Structures are given as structure tokens and as C-alpha cells.
Amino acid sequence: MALNWFKFASPASFYPIAGRLVPAFWIITLVLLGLGLYWGFFETADRLGGSNAQKEYYRIIFIHVPAAWMSMWLYVVMVGWAAIGLVFNTRLSFMMANAVAPTGAIFTFLALWTGAFWGRPSWGTYWDWDPRLTSELVLFFLYIGYIALHSAIDDVRRADRAAALLAIVGLIMVPVIFWSINCPDPNQCAALHQRSDLTQIDGNILFAMLAMTFGFWTYSFATSFMRLRGIILQRESENAWVRDLLDTGDKA
């Protein structure tokens, strides 16, 4: 029997599914983050060698790098859901974009904050108007702008469309950030921030970093689905299925 995927585009159908997935994602998150932090602090070298030798403070990369990756990935996810909502006029798609935005903003802020603490001992300054750092800051403002614009418009449908257009326009920042860090010719785009090259990372460091990345990824699912369920209840409050849900006290 063919599975009708379109029925899951209904908020009423997806609400209980999200509720069942949230606990599983939280468990996976705790396991992965615990593993990543343990491996990063106890199974890696006390000093990072190579051309950019660093002492214990290099361990902040286990938070900074996964957070930076997630900041870009979640923006792409947010834009994807927003674009689907614009094209197919699906309510759940706009709700998903709205639910992802705060988590993306948190990871972007975390990347900037940890980067500042890393930069002080590494480069001698908390901040520099380096294109690679500045572009991540612009991404943070795009998240905040999306959230603020959506909150400023009383009509939810108009707010969905306006915020979606802003997010789509801002998508240009993701390749800008990527190529500023992975510049084809470092001599032409010299900056404080190091290039991204997984092939030159020690195996234990890479393992810890990937565990933290997947932990942040599952955290994003957990928090976004929790937020989505609240958005669904708020927007669908006039529908009979929500009233029945609230009357019975069953929010599973």
C-alpha cells in the first residue's frame, strides 16, 4: 500500500508525530554531546601542533565549529521550509521555518561568542572586522530580522510570506561565509580565521567534533519540534481537534 506523504503536511497529523519524536531526539542528543565532550577533553592532545600551535584553549573548537556549521545549515533548512510554504501555500511549512529560526539564531550567537573567546588567546583580540567573522555576524542579524519581522506583523499569513522573502534574500550569506573560510587562494583573502580542512585534523579531534556536530543536529530537531508543537496549538486553536485535545488534557 502506497504511503500518502501529503497527509503529514497537515498540522493535525504532524503534531502527534513531533511529540513522539522529541523524547528520542533528546536522548540521542544527551548521548552524543556527552560522548563528544568526554572525547574532546580526555582523549585528545593537551596541545594542538602544526603551523598554528595552540594550548588547551583549542578545545573550544568542539563547541565553536559545530555551532558555526549548524548556524549555516539551519538557515538553509529555514529557507527551504519558507520557500516550500511560498510555493505550495502550506501552513506547516511556514510553521517549521518559524520553529527553526530561534535555534539557528542561538547557534549563530554561540559560534560568535565562542569564536571571540578563542580569538583572544589565538589572535590577541576578541573581534576583528575580518570578512569571515563579519559575514557570520550578518547571518545572526538575518535570523534576528526574520524573527522580528514575523513578530511585527499581526496577520500571520502576511507575516509568514514577508519573513520568508527576507530569509530567501539573505540566503546569499551562506555561500559567502563558506567561501570566505574556504578561499581558493588564501593569499588573496588572508584573514585571522583559519581555513576549514577536515583532512588535516587529528582523528580523535575529528571524532569529538563530529559527535558534537551530530549532537547539535539532534538538539535542533528536539527544540524545533517542541517549538513547532506550541506554534501549531497557537495557530490552530480555533479548530475542533485542538479544542478536543485541550479538553482531554492530552498533548502527546
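Please read these numbers as outputs of a predicted model, since none were measured by experiment. (Residues numbered from 1 in each chain as written. Predicted model: local features only at pLDDT ≥ 70, side-chain atom pairs only at ≥ 80, totals over all residues. Heavy atoms only, no water.)

**What about the packing of helix H3 (residues 91-123) against helix H7 (residues 203-235)?**
Move 1: Packing of H3 against H7 leaves a shortest axis separation of 8 Å and a crossing angle of 135°. The angle between the axes of H3 and H7 places the two elements in the oblique class. Crossing handedness for the pair H3 and H7: right-handed. Seen from H3, the contacting residues are Leu 92, Phe 94, Met 95, Met 96, Asn 98, Ala 99, Val 100, Pro 102, Thr 103, Phe 107 and Leu 110; seen from H7, they are Phe 216, Tyr 219, Ser 220, Thr 223, Ser 224, Phe 225, Arg 227, Leu 228, Ile 231, Ile 232 and Arg 235.
Move 2: Residues belonging to the contact of H3 with H7 are distributed by class as follows: 15 nonpolar, 5 polar and 2 charged. (Axes fitted to C-alpha atoms, helices over the stretch in contact; angles between N-to-C directions. Helix = DSSP H or I, 4+ residues; strand = E, 2+ residues; numbered from the N terminus. Parallel < 35°, antiparallel > 145°, perpendicular 65-115°, else oblique. Left-handed = near helix turned anticlockwise from the far one by under 90°. Contact = heavy atoms within 4.5 Å. Nonpolar A, V, L, I, M, F, W, Y, C, P; charged D, E, K, R; others polar.)

**Focus on unusual backbone geometry**
It is generally the case that most residues other than glycine have a negative phi and that most peptide bonds are trans.
Move 1: Unusually for a residue other than glycine, Asn 89 sits at a positive phi of about 55°.
Move 2: Here Asn 89 shows up in the loop between helix H2 (61-88) and H3.
Move 3: Judged by relative accessible area, Asn 89 falls into the partly exposed class, the value being 48%. (Buried < 20%, exposed > 50% of the residue type's maximum accessible area, 1.4 Å probe, protein only.)

**Quick word on the UniProt feature "transmembrane region" (unreviewed entry) in the chain**
Move 1: Within this structure's numbering, the places UniProt gives as "transmembrane region" (unreviewed entry) are residues 21-41, 61-88, 95-117, 137-153, 162-181 and 201-222.
Move 2: Between the C-alpha atoms that bound residues 137-153 there is a distance of 25 Å. The span itself is 94% helix and 0% strand. (UniProt positions renumbered as here; feature names shortened; annotations may be inferred.)

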